[in-house]
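What the coordinates show
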Number of protein chains: 2
Amino acid sequence: MAFIVKKNINGKYYFYLNENNRVGTKVKTKTLAYLGKDREEAEKKMREFLEKRTIKENLNENTETKNESQNLKTKAEEINKIALSKGFFFPTAGIYGSSSGFYTYGHLGKLLKNNWENLWRKNILSLESNFHEIQSNNILPEKVFIASGHVDKFNDPMIECRNCHSRFRADNLLEENGIENPETLGLDEMTKTIKEKKIKCPQCGKINFSDVKQFNMMFSLNVGFNQKEYLSPETAQGVYIHFLEEFRATREKLPLGLASIDKAYRNEISPRQMFFRLREFTQAELQIFFNPEKINEHEKWEEVEKYKLIVKNSKEEKVREVKCEELNSKNKIPKFYLFYAAKVQEFYLDVLKVPKEKFLLRELSENEKAFYNKIHFDVEVYFDTLKGFKEVGGIHYRGNHDLSGHQKTSGKNMEVFYDGKKILPHVLELSFGVDRNIWALMDLFYSVGKEGSMLELPATLSPIKASVIPIVKKKEFEDIARDVFSDLSKDLVISYDESGSIGRRYARNDEIGTPYCITIDGDSLKNKDVTIRDRDTTKQIRVKISKLSGTLKKLIEGEIEFSKAGKLLK
Amino acid sequence: MAFIVKKNINGKYYFYLNENNRVGTKVKTKTLAYLGKDREEAEKKMREFLEKRTIKENLNENTETKNESQNLKTKAEEINKIALSKGFFFPTAGIYGSSSGFYTYGHLGKLLKNNWENLWRKNILSLESNFHEIQSNNILPEKVFIASGHVDKFNDPMIECRNCHSRFRADNLLEENGIENPETLGLDEMTKTIKEKKIKCPQCGKINFSDVKQFNMMFSLNVGFNQKEYLSPETAQGVYIHFLEEFRATREKLPLGLASIDKAYRNEISPRQMFFRLREFTQAELQIFFNPEKINEHEKWEEVEKYKLIVKNSKEEKVREVKCEELNSKNKIPKFYLFYAAKVQEFYLDVLKVPKEKFLLRELSENEKAFYNKIHFDVEVYFDTLKGFKEVGGIHYRGNHDLSGHQKTSGKNMEVFYDGKKILPHVLELSFGVDRNIWALMDLFYSVGKEGSMLELPATLSPIKASVIPIVKKKEFEDIARDVFSDLSKDLVISYDESGSIGRRYARNDEIGTPYCITIDGDSLKNKDVTIRDRDTTKQIRVKISKLSGTLKKLIEGEIEFSKAGKLLK
């Protein structure tokens, strides 16, 4: 993991970008770049460095040393190893060899995922009182996807080897053979290029490919006996088709936000990059229906007008921090859009604690974005394991594409009467890939230090909030520990750890991201207090048992500073 | 809804079973039965009455008057009407005509469902510290279901009309034509009986049926290009196939409980009875893996040994209340099973507040239960709308059926080393249909009184915990109301209701089950207090704003009595 270090050289401070990597059983630190003498400058330079790395990776101009890319691969392997052995996640149906693109969350991973989803509910879904969560079906009628355009357009270019009958994504095959931006080519051009370049089948090595064809990525199934339906490739459609019912049930007000946290399914031809090409995955999506005439206003605009968004567009070389008011006046991005972009960024920086230099909002070019998106920024986070900034969410101004599509196909009028007239609302979609976000958290907060591996998750995200550790093996001490454990367990996920040395027990908790360890020791009986150890600093404080539950909750929520939450032990 | 009333006749008390039904726009009360002079006796008699009604319904000997069954149908219609207009649930994709067996939860229904699931986590999943939630995939490889037996055995008997090509479940068709227990017949016997009885096609009226065939109820789909996989028809299999990973990750202890709250999918031939035959539905299932040698022990046995289970088996006429210790010593039901049966019953009676006389655990006969279940009680609740006790969950001792099946099919050893030897754990499954439970709650707690309809949900389940109602239309009062609203909204789902008469606002909240209304009135500014109104009694108390949040939380959790939580207004 790349991180900034401050060095004192002859009384002056200098900033460097370092990275720790495991080589065999040892951890080696390597300096990647000099970042200057100023913290703010250093953060900026770090982001530029990481940006450049991404661009290189994306252009397939891999100038990194083999060793470095090996180390990064090792980090992914280590995360996978911890994830399996501790119960975060693992390939589904491993006993049957598993099929690619499917992952199962173990008990810690499911807690982490639930925490992420609940923080999303608390911070995104709760932005307005007229934002609500609904739950539609995963299986939806064919007409829904005729209306949305998925039946016609949700395709990947596919090619088959006539010799061994292996099938591949044609654009991936071209990319792997050095063709830049193959996604801009038509089917015929792809077929032609593959023939001209005499590209071999990666499976059997023969040169004998079929023409490139469109392959629809939706899973179809028969409902009843012969009614064709689909597994939804995005949660959004399940929301759009019920806009009218919910508009009425919520007493006919705009803006109306309807969210869904649910599975989506895509039959990827070649699933890869862990959680980035899953065939079954979780989305958290919020569709905000609003009056298009009011797109350049938001009643809480003043909350964000001076807030700086971290943005980059395809024409710009560098990431910029720009105030919302400037993006509104110069770049003509409407206030309604910017308000939610700012709230999304705040969620990433302040709640998920993504370091500023590892976050950006990337504006997609006309080529890149879906035709119905009028404004489209991807939410991107820097991944060590994928060597680059990658999409974990998106902010999509979809216009009335979806409602008008459903109106046309169903014949039902989707307009509503609001503000004295009939309008077809427009949609701003805040869309997040939950699994990618989970992988991002593992990538951001996992590190290997001298004491072993650490998962420095924000406490609100940690699967287990505290571990109760009795040190003295006597009934009266274990009774206290049990009482503390049951009391805390009423509201929090707590573990009870009674085996191994105290150091081993701390290490075990550090490894899975437990922010606090509570030890019951020789003084606990007499003084009715316990020690709380902080994962990140290893500092310890002494706290009365009667105040423990309240103190712990405040620590988790970040409402008090650790060293002031009790008597600090030296 | 049937309910007990106590009547004072010449100074003596008598109990009766009454039922309110809507006739046109009026509500009529009818006395169904006399229940005796004693409360306990009355509850018992009520249960017997409802039981008898169920049996009649099940045997299709409908001796109820047409009028009564019309009224019950009306209750279902009314619930559906409220559910749609208020946003609890409605048929999916209504704008496309919807396909049967699919329902969408609106914003209130989703809150109710989330609350149910969270109470289940808090009360069932938290029974032991080694019980955990995981999340597997909905799409699983074919081999999983070869191992589980679903590919071979998860079939319904299906018949097709040769004239109009409509298809039906053969057992339903037989039942509708007066044949008792058709599910005990073989395919040939069904075919023969349908021919002999000259049963007509319900669609076209012709007598020209095909032979009865098996129809597999799983949805199959192609993953990649031609890899056959299935949508899981129960969450359980996604858990069994990952038992080994989780046993290791949780540090190799038994009993180990692994739960999953997730969708399951069944291609029902004829979906019906609302949430009872859905094609896509949510299950909350807990698989407890344990050492079979220890089946007749549980470390907390003394908590339940004197607890009376409400049970009935197929040989008995009447429901009995029997102590766990008696069921253990006389009926030879093992302690490990009884402990969890008692905890499930407590969850229904104490947490979900199902009236005792509307709850029972029904032991299935050898004919009824799945061949791999060694002990099987259904959890049943009485439904007005379905006129009978119906299954909402089940407690299944599945032996080692599943682990040994996966062991055989995958070739992987599923045994673990525990207590000094190798064992293949047995499984006790606690299984719940979440949607059926939601329907049960609507059925149990919905009623029509003189003031309009009411949803008397327990406060812990109510979608919205309180509504803030400003009465005085002046800025300073509305400011207080807004402050109260934002303060309470930090931890609870609260609504803000500023339109309509005060009576209308109360009624609107009663209708969706909001337990408390908080009014800000003319005295609130001076006294810094508000009025809380209790939905069920319409009593009101006065509470200081500074204590409001704490008081409200205690009221919701049932930790204080309403009339003692503030100054009671007369």
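Rules and cut-offs
Residues numbered from 1 in each chain as written. Chains lettered and ligands numbered in written order. Predicted model: local features only at pLDDT ≥ 70, side-chain atom pairs only at ≥ 80, totals over all residues. Heavy atoms only, no water. Disulfide = S-S within 2.5 Å. Least-squares fit on C-alpha atoms with pLDDT ≥ 70 in both. Contact = heavy atoms within 4.5 Å. Buried area = accessible area lost by both parts, 1.4 Å probe. Polar contact = N/O pair within 3.5 Å; in protein donor to acceptor, adjacent residues only side chain to side chain. Helix = DSSP H or I, 4+ residues; strand = E, 2+ residues; numbered from the N terminus. Pairing = 2+ DSSP bridges. Axes fitted to C-alpha atoms, helices over the stretch in contact; angles between N-to-C directions. Expected span 1.5 Å × (residues − 1). Bend = angle between axes of the 7 residues up to and from the residue. Buried < 20%, exposed > 50% of the residue type's maximum accessible area, 1.4 Å probe, protein only.

1. Side note on the state of the cysteines
By definition, a disulfide links the sulfur atoms of two cysteine residues through a covalent bond. Evaluated as defined, the whole model comprises zero disulfides over all chains. Cys204 of chain B forms no disulfide, and the closest cysteine sulfur to it belongs to Cys161 of chain B, at a distance of 3.6 Å.

2. With respect to the relation of the copies chain A and chain B
Under the fitted operation, chain A is carried onto chain B by 0.0 Å of movement along the axis and a turn of 180°, and the coordinates agree to an RMSD of 0.1 Å. The superposition operator between the copies reduces to a two-fold rotation axis. It is Leu221 of chain A whose C-alpha, among those of chain A, lies nearest the rotation axis, at 3.0 Å. Of the interface residues in chain A, 100% have counterparts in chain B that sit at the interface too, so the contact is made through matching surfaces.

3. Some words on the interface of chain A and chain B
Facing 74 residues of chain A, the contacting portion of chain B comprises 74 residues. Interface of chain A and chain B: buried area, both sides summed, is about 5900 Å²; carbon and sulfur atoms make up 57% of it. In this assembly, chain A and chain B are joined by 35 residue pairs in polar contact (both at pLDDT 80 or more). By residue number, the principal contributor to the side of chain A that touches chain B is helix 3 (residues 107-123) of chain A, which donates six residues.

4. Observations regarding the sheet that holds strand 12 (residues 227-231) of chain A
All names here are of chain A. Taken in spatial order, the three strands line up as 7-12-11 in an open sheet, and their pairing is antiparallel. Both edges of this open sheet fall to strand 7 (139-141) and strand 11 (220-223), since each of them pairs with a single strand only. Sheet twist, expressed as the mean angle between neighbouring strand axes with direction ignored, is 45°. With four bridges connecting them, strand 11 and strand 12 associate as antiparallel partners. Considered in strand 12, the bridge of Leu221 is made with Glu229.

5. A word on helix 17 (residues 545-557) of chain A
Residues and elements named next belong to chain A. Spanning 13 residues, helix 17 covers 19 Å between terminal C-alpha atoms, matching the ideal 18 Å at 1.5 Å per step. The largest bend in helix 17 comes to about 25°, at Thr551. Turning to helix 17, its buried residues are Leu548, Ser549, Thr551, Leu552, Leu555 and Ile556. Contacts made by the buried residues of helix 17 are with strand 25 (466-470), helix 14 (475-489), strand 26 (494-496), strand 27 (516-520), strand 28 (529-534) and strand 29 (540-544). Of the residues trailing helix 17, Gly558 is marked for its positive phi of about 70°.

6. Quick notes on the side chain of Asn172 of chain A
Residue and element names in this part refer to chain A. Looking at where Asn172 falls in the secondary structure, it is placed in helix 6 (residues 170-176). Look at Asn172 and you get buried, because its relative accessible area is 9%. Apart from residues no more than four positions distant in its own chain, Asn172 is found in contact with Ser270 and Arg272.

Structural measurements only, silent on function.
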